[in-house]
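Here's the letter readout for the chains.
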Amino acid sequence: AVVSTQSTGSSACYGSSIVETQYSQFLEQQVSLNPLMKLYSSMLEPLFLSFNSMVDNTSLDSFCKTAHQWFAQNCSLTKLRELATTLITSPNLEFEGAGG
């Protein structure tokens, strides 16, 4: 279900905080099962946040238009390579390989 929050003028999927909570729980669970998932989750986080802030779901047409714009701006091969390279070379990324 889609809910429009009139007080702020923004829209959100019904229970979007639930989606964020489930997303976080899913990533924590997957990282515990596969340490390589930490790198993948580091890539997903900025994409997830930008998707939530950019995509409008007040109507199907609006959702399709803004989702397509978001994808074009954030998911080109060049953008994803830049994101991956930045994360891989980041000194702040704490990563333990499988068996570590």
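Residues numbered from 1 in each chain as written. Predicted model: local features only at pLDDT ≥ 70, side-chain atom pairs only at ≥ 80, totals over all residues. Heavy atoms only, no water.

1. Quick look at the overall build of the protein
Link 1 in the chain: A tally of helices and strands in the protein yields four helices and two strands.
Link 2 in the chain: Helices and strands appear in the protein in the N-to-C order β-β-α-α-α-α.
Link 3 in the chain: Residues counted as buried form 19% of the 100 residues belonging to the protein.
Link 4 in the chain: Contacts in the protein between residues far apart in sequence, at least 24 positions, make up 44% of those at least 6 positions apart.
Link 5 in the chain: Here the protein displays about 7300 Å² of accessible surface, and carbon together with sulfur accounts for 59% of that area. (Helix = DSSP H or I, 4+ residues; strand = E, 2+ residues; numbered from the N terminus. Buried < 20%, exposed > 50% of the residue type's maximum accessible area, 1.4 Å probe, protein only. Contact = heavy atoms within 4.5 Å. Areas by Shrake-Rupley, 256 points an atom, 1.4 Å probe, with all protein chains shown as cover.)

2. Remarks on the confidence of the model for the protein
Link 1 in the chain: Across the protein, pLDDT averages 77, with 75% of residues at or above 70.
Link 2 in the chain: Looking across the protein, the model is least confident in strand β1 (residues 2-5), with a mean pLDDT of 36, and most confident in helix α3 (residues 60-74), with 94.
Link 3 in the chain: Overall, residues 1-15 carries pLDDT values under 50, and its contacts beyond four positions in sequence, including any with other chains, amount to 17 contacts. (pLDDT = per-residue confidence, 0-100.)

3. Comments concerning the packing of aromatic side chains
The way to describe two aromatic rings as a pair is by their centre distance and the angle between their planes.
Link 1 in the chain: If you walk through the whole model with that rule in mind, you get two aromatic pairs.
Link 2 in the chain: On the numbers, 4.0 Å between centres and 10° between planes, the contact of Tyr23 with Phe48 is stacked. Highlighted residues: Tyr23 in helix α1 (residues 16-33) and Phe48 in helix α2 (residues 37-54), separated in sequence by 25 residues. Of the two residues, Tyr23 and Phe48, neither departs from the other in class, the shared state being buried.
Link 3 in the chain: Between Phe51 and Trp70 the ring centres are 5.0 Å apart and the planes differ by 85°, which places this aromatic pair in the edge-to-face class. On the criterion of sequence distance, the pair formed by Phe51 in helix α2 and Trp70 in helix α3 is long-range, its members being 19 residues apart.
Link 4 in the chain: Residue classification places Trp70 among the buried positions, given a relative accessible area of 10%. (Phe/Tyr/Trp six-rings, centres within 6.5 Å; stacked < 30°, edge-to-face > 60°.)

4. Structural notes on the packing of α2 against helix α4 (residues 77-88)
Link 1 in the chain: The N-to-C vectors of α2 and α4 enclose an angle of 125°; their axes lie 10 Å apart at closest approach. Here α4 runs oblique to α2, going by the angle between their axes. In this structure, α2 crosses over α4, and the sense of that crossing is right-handed. Judged by residue contacts, Leu39, Ser42, Met43, Pro46 and Leu47 of α2 engage Leu80, Leu83, Ala84, Leu87 and Ile88 from α4. (Axes fitted to C-alpha atoms, helices over the stretch in contact; angles between N-to-C directions. Parallel < 35°, antiparallel > 145°, perpendicular 65-115°, else oblique. Left-handed = near helix turned anticlockwise from the far one by under 90°.)

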